[in-house]
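# Descriptive structure summary
Given next are the chains, with one letter for each unit.
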Amino acid sequence: MNQSIINVSKKLNITVNQVETVLKLLQEGATIPFIARYRQGQTNGLNEEQISAIAELYEYDLELTKRKEYVLNILTEKQLLTNELKQKIWNAETKQEVENIYEPFKIGKKTKASEAIELGLDPLAKKIETETSDKFNVFKEAEKYLSDKLPTVDEVLLQTKYIIAQDISQDIATREYIKNELMKFGVIKTQLKKNAEDEKEVFKQYYDYSEKVKTIPNHRILAITRGEDKKILSYDIEFNEKKILYDLNQKYFINKRTAFIMREALEDAIKRLLIPSIIREIKTDLFLRAEKDAINIFALNLENMLLAPAIKNKKIMAIDPAYVNGCKIAILDENGKFLTKDLIFPNAPKKDWKQSSIIVNKLLNEYKIDIVVIGNGTASRETEEFIKSLINWRKNNNYPDENIQCAIVSEVGASVYSASKIAQEEFPNFSVEERSAVNIGRRFQDPLNELIKIDPKSIGIGQYQHDVNQKELNNQLRFKTEKIVNLVGVDLNTATKVILSYISGLSNTIAENIVKYREENGKFTDRKQLKEVKGLGPKAFEQSVGFLRIYDSNIFYDRTNIHPESYKLADLLVKKLNIDLKDENDIKAKLNNIDIKELANQLSSNEYDINLIVDALLAPGKDIRDKKEGFIVSDKILTIDDIHAGLEIKGQIQNITNFGAFAFIGIKQNVLIHITNMKRHENDFIKHPTDVIKIGQNVNILITEVEKERDRIQGKILWNKD
């Protein structure tokens with residue numbers, strides 16, 4: 001049996017059969033979302049994360065094995081491979097671990113030890129390392145090696161010690177001992193480098209900082225590494241050198257006649273070869289750990305942001321606020337379709353409230369606007385003041401029953417979208433600011449549809465995103481995006497080519513062809529019509545069709561996530577239970593409290609497929625994002641000057657890191673809420689901020705500290721407030 005498959009099953013604590021099934025399905029061209037939803041009966045219920053992990057770990061294990069074999073071959077050729085070393089390499093669980101073991105054997109063409117070996121001193125070095133006789137005279141033995149190049153005994157012994165030092169540095173147990181000492185008792189020490197420039201004092205905390213290696217959290221490792229890379233910080237690991245030297249001296253002492261040479265060689269090995277190498281190794285290990293954590297946090301934040309609730313049946317007036325160049329307005333219908341745009345100047349220097357009111361009133365009346373959303377950029381507060389004053393005036397005059405709501409919303413990433421190729425294709429004749437207004441409105445209506453148009457690294461989530469492995473980060477973000485798009489599903493008749501390209505089995509070209517087909521032939525009325533789309537073959541149809549819905553189709557199942565391959569099974573179930581698909585009450589009455597296992601047996605199916613069909617029949621148009629949190633209550637805060645310690649204010653979580661979160665409160669500066677300030681009660685222990693909060697959540701905040709000169713605000717969550 002394939003050893004890599006066994007390794008993956010052990011790491012994920014699943015069966016070998018599950019791993020083999022997933023790999024077989026992937027090899028046949030099935031996608032992760034498709035397997036997770038429509039092949040649960042074969043995988044025994046594995047979800048997207050598990051299936052992705054199987055694929056990644058299997059590929060990684062194959063590469064790891066290949067690297068192990070390469071290193072073993074090299075060490076064999078150099079006659080350096082011992083049984084202990086061989087076992088150590090085979091037992092390594094990561095590529096980095098293999099590299100760490102191999103590191104001391106990566107010897108260049110010229111080293112002090114190699115030059116000494118060329119002088120013929122290797123036999124003397126081995127004799128000194130192994131001779132136990134108390135009659136052994138190291139000086140007489142050294143005299144045997146005198147030559148023109150080695151005129152004195154002292155020179156012979158000096159060169160020989162280089163060989164011994166190298167041998168010590170290549171001893172696995174010695175390296176492990178030193179690394180464990182540094183990991184357990186070492187202290188990371190950072191200082192501001194001489195003449196370094198840290199203009200905004202970003203790294204001020206680390207100008208003279210120390211923390212134990214074993215307890216330092218990931219976010220500080222990333223910050224310190226960045227400071228070192230920018231040549232602002234020096235970053236070292238301090239340790240008890242005397243203890244290490246004492247312990248190892250005991251290990252390498254075998255003869256009092258050679259003790260002084262072994263001790264000197266050991267000191268040289270520790271200072272010149274072992275410590276620099278092991279500190280680099282530990283730094284790499286710490287960074288890789290922190291990098292993995294940072295990527296996971298970024299991916300989780302993106303997932304929560306993409307799952308932010310959509311708002312249905314609401315007409316939107318979206319405003320990109322500004323001063324001199326005016327506020328750009330975009331009007332959107334209930335489905336995000338652009339209707340019209342306009343421009344107003346309610347803010348300084350013009351501050352033309354009269355003309356601005358005329359324009360906005362006309363738009364509110366003509367398009368029956370439900371919600372006005374304002375981007376949180378420059379002039380957002382002043383624009384909000386104008387809009388709210390106008391809404392109140394209307395309510396007190398001609399429209400007492402009107403209930404137009406107003407919200408300031410995040411516009412992070414809107415400028416990136418507005419200048420993108422996608423935005424230019426959508427609105428070729430619009431200015432950047434006008435496209436931004438459309439994006440702000442659509443993001444509020446349906447975050448998923450708009451966020452997928454923006455590079456996730458531009459939407460202000462995660463931590464130290466530019467410092468981590470970009471390929472791995474992009475892979476994780478792409479996976480999360482595909483997972484959520486397929487989890488939610490899309491309307492085949494309104495979906496853009498961008499969101500269609502994330503659907504299981506669809507390429508960019510096929511997504512574009514679907515939109516073209518729709519434009520040329522009108523709306524899809526039957527899922528089978530997909531087969532007529534250019535380039536969409538049987539495999540693409542199989543993989544994609546279940547995630548594409550036609551909400552006004554005459555075929556009931558086309559409105560659901562039931563796959564066409566299961567239509568016959570669904571018909572059998574409906575017939576057996578005598579369900580009237582036109583009667584919602586009858587569906588619920590017949591499907592409530594049924595025995596899924598028994599029904600699966602009766603229909604010669606499995607519980608997973610029956611469950612999927614039952615859920616789809618109970619809620620054919622279900623959107624997992626249906627719940628929308630309330631709008632932020634806007635306080636009259638215009639700048640950081642209006643913030644002070646003790647102030648209670650509403651905020652919305654914009655970003656989550658492993659040390660805390662950042663909340664938007666209506667001004668340029670977000671509030672930092674450290675993880676220790678998220679406690680729900682005095683004895684509460686929070687392992688990670690995501691245990692208690694999520695992106696987009698509204699929270700009550702008590703401001704605890706304001707540093708205006710550093711543009712920093714800190715606060716704590718007030719859980720007992722409504």
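See the structure shown above.
Let me sum up the structure you'll find in this document. From a predicted model like this one, the values you see are computed outputs, not experimental measurements.

Here the amide bond leading from Ala348 into Pro349 is cis, since omega sits at 5°, within 30 degrees of zero. For Pro349, the position within the fold is in the loop between strand 6 (338–344) and helix 16 (353–367). Look at Lys231: it is not a glycine, yet its phi comes out positive at around 60°. Structurally, Lys231 can be placed in the loop between helix 13 (218–229) and strand 3 (233–238). Classification of Lys231 as exposed rests on a relative accessible area of 60%. Positive phi is not limited to glycine here, since Asn578 has a value of about 55°. Along the polypeptide, Asn578 turns up in the loop between helix 26 (567–577) and helix 27 (584–591).

Following the sequence through the fold, Glu411 ends up in the loop between strand 8 (405–409) and helix 18 (414–418). For the buried Glu411, which has no salt bridge, the nearest side chain bearing the opposite charge is Arg443, at an N-O separation of 8.7 Å. Reaching out from Glu411, the side chain makes a polar contact with the backbone nitrogen of Gly377 at a distance of 3.4 Å. Dropping the residues within four chain positions of it, Glu411 is found in contact with Asp320, Pro321, Gly375, Asn376, Gly377, Ile440 and Arg443.

Take the packing of aromatic side chains next. Scanning all chains against the criterion turns up 12 aromatic pairs. When the centroid spacing of 5.5 Å and the interplanar angle of 65° are considered together, the rings of Tyr38 and Phe547 count as edge-to-face. Of this pair, Tyr38 sits in helix 3 (residues 32–38) while Phe547 sits in the loop between helix 25 (538–544) and strand 10 (548–549), and the two are 509 residues apart along the sequence. Of the two residues, Tyr38 and Phe547, neither departs from the other in class, the shared state being buried.

Turning to the packing of helix 16 against helix 17 (residues 380–396), a few remarks are in order. The axes of two packed helices give the description: the angle between them and the distance between them. Direction vectors running N to C along helix 16 and helix 17 enclose 65°, while the axes themselves pass 11 Å from each other. In this structure, helix 16 meets helix 17 at a crossing whose hand is right-handed. Facing helix 16, whose interface residues are Trp353, Ser356, Ser357, Val360, Asn361, Leu364 and Asn365, helix 17 presents Glu385, Phe386, Ile387, Ser389, Leu390, Trp393 and Arg394.

All told, the structure shown has 49 salt bridges when counted by the stated rule. Where Lys480 meets Glu49, a salt bridge forms, and the shortest distance between an N and an O atom there is 2.7 Å. Note that Lys480 is positioned in helix 22 (residues 470–488) and Glu49 in helix 5 (residues 48–77), a separation of 431 residues in sequence. Note that Arg442 is salt-bridged to Glu426, the shortest N-O span being 3.2 Å. Taken as a pair, Arg442 in helix 20 (residues 432–445) and Glu426 in helix 19 (residues 421–426) lie far apart in primary sequence, 16 residues in all. Assessed through its relative accessible area of 28%, Glu426 is described here as partly exposed. Taken together, the shared-partner salt bridges in this structure form one network comprising Arg39, Lys539, Glu542 and Glu565.

This next bit is on the sheet that holds strand 14 (residues 698–707). Pairing is mixed around the closed barrel formed by 5 strands, whose spatial order is 11-12-13-15-14. Strand-to-strand, the axes of this sheet are offset by a mean angle of 50°, without reference to chain direction. In terms of strand pairing, strand 11 (residues 648–656) meets strand 14 through 5 bridges, oriented antiparallel. In the sheet register, Lys650 faces strand 14, and the bridge partner there is Asn700.

What follows is about the sheet that holds strand 3. If you walk across this open sheet you meet the 3 strands as 2-1-3, and the pairing is antiparallel. The open sheet has two edge strands, strand 2 (208–212) and strand 3, and neither has a second partner. Mean inter-strand twist for the sheet, computed between neighbouring axes without regard to direction, equals 20°. In this sheet, strand 3 lies alongside strand 1 (residues 187–192) in antiparallel orientation, the contact comprising 6 bridges. Across the sheet, Val187 pairs through a bridge with Glu238, a residue of strand 3. Against the sheet, helix 13 contacts strand 1, strand 2 and strand 3, and its axis sits at roughly 125° relative to strand 3.

So, on to the packing of helix 5 against helix 22. Put simply, helix 5 and helix 22 touch, their axes get as near as 11 Å, and they point 145° apart. The handedness of the crossing between helix 5 and helix 22 is right-handed. Between helix 5, through Glu48, Glu49, Ser52 and Glu56, and helix 22, the contact on the second element is made entirely by Gln476, Phe479, Lys480, Lys483 and Leu487. Counted by class, the contact of helix 5 with helix 22 contains 2 nonpolar, 2 polar and 5 charged residues.

What counts and what doesn't
- Here the residue index of a chain counts from 1 through its sequence in written order.
- Thresholds applied to this predicted model are a pLDDT of at least 70 for local features of residues and 80 or more for the giving and counting of side-chain atom pairs; totals over whole chains, interfaces and linings are not thresholded and use all residues.
- Here the side-chain values reflect all heavy atoms present in the structure, with hydrogen atoms and water set aside.
- Secondary structure elements follow DSSP: runs of H or I of four or more residues count as helices, runs of E of two or more count as strands, with numbering from the N terminus.
- Note on classification: 1.4 Å probe, protein chains only; a residue is buried when its accessible area is under 20% of the maximum for its type, exposed when over 50%, partly exposed between these limits.
- In summary, the charge assignment counts Lys and Arg as positive and Asp and Glu as negative, without counting His or the chain termini.
- Salt bridge criterion: a side-chain nitrogen from Lys or Arg within 4 Å of a carboxyl oxygen from Asp or Glu.
- Within 3.5 Å is the distance limit for a polar contact, defined as a pair of N or O atoms, with the added protein rule that one can donate a hydrogen and the other accept it, and that residues adjacent in sequence qualify only through two side-chain atoms.
- Any pair of residues with heavy atoms lying within 4.5 Å of one another is described as a contacting pair.
- Note on aromatic pairs: the rings of Phe, Tyr and Trp (six-membered ring only in Trp) are paired at centre separations within 6.5 Å, and the planes decide the class, stacked below 30 degrees, edge-to-face beyond 60, tilted for the rest.
- With axes taken as lines fitted to C-alpha atoms, and helix axes fitted only over the stretch in contact, angles between N-to-C directions fall between 0 and 180 degrees.
- Crossing chirality is assigned from the near helix's rotation relative to the far helix, an anticlockwise turn below a right angle marking it left-handed and a clockwise turn marking it right-handed.
- We call two strands paired when DSSP finds no fewer than two bridges between them.
- Side-chain classes follow a simple rule in which Ala, Val, Leu, Ile, Met, Phe, Trp, Tyr, Cys and Pro form the nonpolar group, Asp, Glu, Lys and Arg form the charged group, and the remainder, Gly included, forms the polar group.

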